[in-house]
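# An overview of the molecular structure
The chain contents come next:
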Amino acid sequence: MKLSAPSLGRFASALSVSAIAIAAFGSAVSAETIRWARVGDALTMDPHSQNEGPTLTVLHHIYETLVRRDIDGSLQPRLATEWYIHPDDPTVWVFKLREGVTFHNGNEFNAEDVVFSFERVRAESSGFRALHTAVTGATAVDDHTVHVQMEGPSPLYVQNLTNFFIIDSDWSRENDVVNPQDFAAGEESYAVRNTNGTGHYQLVSRDPEVQTVMTYYDGHWDEAPQVTDIVYTPIAEAATRVAALLSGEVDMVQDVPVQDIARLEQTDGITIATGPENRNIFFSYDMTSPQLISANVDDNPFSHPEVREAMALALDRDAIRQVVMRGQSQPSAAPLPPFVNGWTEAMHSYDAPDYERASELVRSVYPDGFSVDMHCPNDRYLNDEAICQATVAMLGRAGIDINLVSQTRSLHFPLIENWETDFYLLGWGVPTFDSAYVFNFLVHSRGDGFGAYNGAHYANDDVDAMIESLSTMTDLEARNQVVADIWEQVMEDRVFLNVHNQLLAYAVRDGITVAVHPENQPHMASITIDN
Amino acid sequence: MSDPKTSGPQANEAVTEAAIPERTPGRLFKIWDSDVAYSFRTSPVAIISGVVALAIILAALLAPWIAPTNPFDPASLNLMDGFTPPMQENAFTGNTFLLGTDNQGRDMLSAMLYGARISLFVGVSAVLLAMVLGITAGLIAGYRGGWADAVLMRIADVQLSFPSILIALLIFGVARGIIPPSQRETMAIWVLIVAIGLSDWVQFARIVRGATMVEKSKEYVQAAKVIGAHPFKILLRHILPNVMGPVLVIATIGLALAIIAEATLSFLGVGVPPTQPSLGTLIRIGQQYLFSGEWWILLFPAVMLLTLALAVNLLGDWLRDALNPRLR
Amino acid sequence: MLAYLIRRIVQSAIVMLVVALVAFALFRYVGDPINAMVSQETTLEDRAALRDLLGLNDPFLVQFGRFIGNAVQGEFGMSYRLQQPVMELILQRLPATLELALVSGLAAFVLGVSAGVYTALNPRGGISTGIMTVSLIGVSLPTFLIGVLLIWLFAVELQWLPSFGRGETVTLPGGWVTGFLTPTGRISLILPAITLGLYQMTLIMRLVRAEMLEVLRTDYVKFARARGLSNRAVHFGHALKNTLVPVITITGLQLGSIIAFAIITETVFQWPGVGALFINSVRAVDVPVMAAYLVLIALIFVIINLIVDLLYYAVDPRLRVERGGARH
């Protein structure tokens, strides 16, 4: 990675960055450079290796998907212009591909690349395998039509494709990257640092966790964006990130700490954009085991409906919204963002806190209250630790004495996967925008690929059967009814103690207009700059 | 920096077994006492830092009695009290706090007093641990020499080759693996003490080893050996008192370092639970509000930590000079 | 000499092995690497398969043996997180850390020695007391807070200096990426270097002062004065020269704490060095990077220790006697 890194900051003139870009690719006339900072970096440039937030966000600039998720959550055409279930066969998805698209190296984009990408994304070493398990194969019908054969009817499968990138088949074969990076191979894959997509931007240089530079690809099929050059810099420390924006060294900060939003809004020359993220933050608890790991009582307190109701009454969501989140959240009773299929107004509403009633309920089962450990990540969600702390105080008022264990994400999440926690905080995004995604991972009893994050140990045979039926139902109305039935049962059983859906905030210098993307994947080509 | 010249001669008089216990420590301490006392009286820096350190330590010790609230009792907190500025009324609850409240609605003053208590407890315990380990290792290495010396000093090398913060991080990690999940929370503070203490013993060991090597060749030790005194006794009664001066100096400065180390570890995400914040944890939380206008959450704990560490460091400085007669 | 050399090298090898063993044992408790590598959709079965693939289910000693076998050949495998060869990642980041350490170390040395000499020559002066007290602030606040405060003052409020990163860099022949050759590269060094060097500066200053005070009282200096040499010649030609030997030695050994605090400094300033790489790796449980980093650091230190010891051995005949004596 030899680069004389064009520096960020007004200390290095923005000119030098674009000067390098122009020298190298000699096209862009009205060059606009955006200096973009975020907490973490992309892990790899391989489009099928890591299904992880920042990685996907960067890759969306270089590679393209068949369909894209719009700001409002709807699906929009990208490399596919049309998609539908085959009229004669409900198990086949048909994709009509865009014509006149070329990869960055000049290769033409066609059906073969899509078929190849379907193979690659389903490989053993792909990080996206789980999203495509229902696929049995893809075939190119002609140069611009692809048929995807599913195991059974999969009416919502297209929702799984918003992060499915298309890679050039010839380039992949030439460079021996037919499969994503294999960890056992012991050597680096060419695709980790080199790219060949169809996206708006091509990779100029990359220094992992330091800087990634991209420039406009003038052979792109869509109209030319205003932003021609991107300098992406991860800045891990929140204070430093905000400082870099305040001092004018970056143009856009993607992860703005909620407490700094008000100050930044009042600062001359800085604008804030906020919007809901597709991610709910909730508590869950082991409500099934006869005994807990950490409780000071002999039975399982969470198995008592009274206790679960008491916790719901003790949680003051509005106070958390106001103080901890500074208004940057949408409190809700169900762990489902409003734009996801299956959400209803009723699921949103929650009772006002009533500590007296909560305390009565707890003491009706345990006259002296009880104590239990709560596990919390401290580096994963917006103010995760502060949310847990506030909840500890609220539950304390209801007679539940909580020991808070807050730790880094790599220690926290295995506790849930291994059933080693009684009570925990979790955030869940719904990339498919359908409730089934929540049910599969959080509600279905564990086993056969289901329930990986069902830390509640929730197991209800009827619910399991309903969840399994969802994947093949083609009558969407009937399907929605089943979804509603499942939610009703889940809410009645109080499987989740939901806190809120978190709002995202992007801070930009004045003149830049950016919209918050529900998947937290802003695209620089959609940014407008008005100097 | 050990000073055998002052202590050597009078220890030399006490060659007979019986005389040692009563006379040596008593006289030593009397001499130290008067010298130190004189030096203290004539040093304004020492007096001021002594008073300041004592005041903070007392306030921390008495926190449960003098703090307005108990910040460690979550049930007593009201989240809506959060971010109240000092001496201003909270718009929702109508409560007023002398130094304001933090992000959880904790009274800053109470949180700082309780936090200082935790910081001091961690610091003092860690230094004591490092001291006991270091002195033991230093005495053995210096007195026995040979392979014991080689092994101990190589261990010290390993230790020195790892940055102390790294060692503390790693020890913290191991403890988490060993301690059953249900006890991790209650053990966290002890783990922290062990982590900081273990990363700090080498200094004590090196100084004690050096002093021991000098002392053991002295006539009085040789004499004690000849009359068949147990090595343990020789170490404890003859050599140890002579190295206590420099040890005390390192311990004082080590205390300030340990308190800072606790804060640094908190920044790296390990340390005491957030529901029972130390001074360092309060600062870690406070620095998130540096740009958002809630200055009191950072300023007050930072000033308290700075004052405490500064006072202790200045005391250590003065002690170093006071115990070194050649500098007087 | 040869026997001593061989013995020390064997000891060093054992030290390295112990470091590797300890480091490796600790990784099991840092977290679960699999969790950091897969997405939330990954089934428990696929996770188990990946764990098998990486050999994480093998007995501990088998894993350790494999690690040592590869490490001896300089092969540290691939980063779990960045999917690039670990050695390449570390070598790519090393120049940033070394340049930062060099600048802050040099600044600390120059400023520390000057301030130390001044305070030793004017022990009772008001300026000296001022310098001593102010310098203590450097060791009385946690590094991360000093860094954040510097950013706030110089980058945000005054807008004089950059808040993060290395500025523009130039790749020298041989692949060394330097920030010394560009104005932004040099200006970017200032804040991190101050943050990192403050602690060292204080340490060196106090060491120089203490040594200087001691040396000024020796007969050697008294004779020099008696010979009618000027104050200047005595202070700098004799006293300082004698002071510098232990100071340089200890400064060299202090490289450990420079590298430790580089972890904090690099995190605060988003400095693209090995310290930031390490802390990111800890957070993602990137075991290959963590292991390589620790082993590399240990190697550097063992070598420095070895060289220092050998130099002492060669230069100072008394040590030969002492070591001989210690062996019995």
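Just so we're clear, the structure is a prediction, and the values are computed from it rather than from any experiment.

### Observations concerning the overall build of chain A
Scanning chain A for helices and strands turns up 15 helices and 21 strands. For a compact globule of 531 residues, the expected C-alpha radius of gyration is about 24 Å, and chain A comes in at 24 Å, within 12% of that figure. Along the first, second and third principal axes, the C-alpha set of chain A runs to 75 × 60 × 45 Å. Here chain A holds 531 residues, and 56% of them are scored as buried. Taking as baseline every contact in chain A between residues at least 6 positions apart, the subset at least 24 positions apart corresponds to 70%.

### With respect to helix α12 (residues 409-417) of chain A
In terms of burial, α12(A) is largely enclosed, as seven of its nine residues are buried. Along α12(A), the positions that sit buried rather than exposed are S410(A), L411(A), H412(A), F413(A), L415(A), I416(A) and E417(A). On the buried face of α12(A), the contacting elements are β16 (370-377), β17 (400-407) and β18 (423-429) of chain A together with α2 (33-37), α3 (44-53) and α12 (274-283) of chain C. Where α12(A) terminates, the next one or two residues include W419(A), which has phi positive at roughly 55°.

### Re the interface of chain A and chain B
Taken together, the 31 residues of chain A in the interface contact 24 residues of chain B. Every element with two or more residues in the side of chain A that touches chain B is listed here: α5 (238-246), α6 (261-266), α8 (317-324), α11 (384-397) and β17 of chain A. The element best represented in the side of chain A that touches chain B is α11(A), accounting for eight residues. Grouping the constituent residues of the side of chain A that touches chain B by class yields 15 nonpolar, eight polar and eight charged.

### Focus: the domain arrangement of chain A
Assigned domains of chain A: these are domain 1 (34-269 + 510-529) and domain 2 (276-504). The interface is formed by 19 residues belonging to domain 1 of chain A together with 18 residues belonging to domain 2 of chain A.

### A look at the interface of chain A and chain C
With 49 residues of chain A at the contact, the number on the chain C side is 49 residues. At the level of elements, α5 and α12 of chain A are the ones that each hand at least two residues to the side of chain A that touches chain C. Among the residues forming the side of chain A that touches chain C, the class breakdown is 24 nonpolar, 16 polar and nine charged.

### Some thoughts on the packing of helix α6 (residues 126-140) of chain C against helix α8 (residues 183-216) of chain C
Residue and element names in this part refer to chain C. At a minimum axis separation of 8 Å, α6 and α8 run at an interaxial angle of 130°. Considered as vectors, α6 and α8 are oriented oblique to each other. Judged by the sense of rotation from one axis to the other, the crossing of α6 with α8 is left-handed. Residue-level contacts link S135, L136, G138 and V139 of α6 to L198, Y199, M201, T202 and M205 of α8. Taken together, the residues of the contact of α6 with α8 break down into six nonpolar, three polar and no charged.

### Comments concerning the sheet that holds strand β6 (residues 92-97) of chain A
Residue and element names in this part refer to chain A. The four strands are arranged β5-β6-β8-β7 in an open sheet whose pairing can be described as antiparallel. A strand with exactly one partner marks an edge of an open sheet, and here the two such strands are β5 (80-85) and β7 (135-142). Within the sheet, the average angular offset between the axes of one strand and its neighbour, ignoring direction, is 20°. Across five bridges, the pairing between β5 and β6 is antiparallel. Paired with W83 across the two strands is F95, which belongs to β6. Its contacts with the sheet put helix α3 (residues 111-121) on β6, β7 and β8 (145-150), and the angle it makes with β7 is roughly 175°.

### A look at the nonpolar core
Of all hydrophobic cores here, the largest spans 348 residues; its most connected members are M252(A), M112(B), A168(B), F204(B), V247(B) and L308(B). If sequence neighbours within four positions are ignored, F204(B) has contacts with A130(B), M131(B), G134(B), I135(B), G138(B), V247(B) and I250(B).

### A few points about the UniProt feature "transmembrane region" (unreviewed entry) in chain B
Residue and element names in this part refer to chain B. As annotated by UniProt and renumbered to match this structure, "transmembrane region" (unreviewed entry) occupies residues 45-67, 118-143, 155-175, 187-208, 243-268 and 295-319. Here residues 118-143 runs as 100% helix and 0% strand, with 37 Å between its end C-alpha atoms. Regarding residues 295-319, the helix share stands at 96% and the strand share at 0%, and the terminal C-alpha atoms are separated by 35 Å.

### Quick look at the pairing of β7(A)
All names here are of chain A. Pairing between β7 and β8: six bridges, direction antiparallel. Directly across from A140, in β8, lies its bridge partner V146. Hairpin geometry of β7 and β8 is characterised by an intervening segment of two residues between the two adjacent antiparallel strands.

Analysis parameters
Residues numbered from 1 in each chain as written. Chains lettered and ligands numbered in written order. Predicted model: local features only at pLDDT ≥ 70, side-chain atom pairs only at ≥ 80, totals over all residues. Helix = DSSP H or I, 4+ residues; strand = E, 2+ residues; numbered from the N terminus. Rg over C-alpha atoms; globule rule 2.2 N^0.38 Å. Buried ≥ 20, exposed ≤ 12 C-beta atoms within 10 Å, placed from the backbone. Contact = placed C-beta atoms within 7 Å. Nonpolar A, V, L, I, M, F, W, Y, C, P; charged D, E, K, R; others polar. Domains from an automatic or database assignment. Axes fitted to C-alpha atoms, helices over the stretch in contact; angles between N-to-C directions. Parallel < 35°, antiparallel > 145°, perpendicular 65-115°, else oblique. Left-handed = near helix turned anticlockwise from the far one by under 90°. Pairing = 2+ DSSP bridges. Core = buried A, V, L, I, M, F, W, Y, C linked by C-beta atoms within 7 Å. UniProt positions renumbered as here; feature names shortened; annotations may be inferred.

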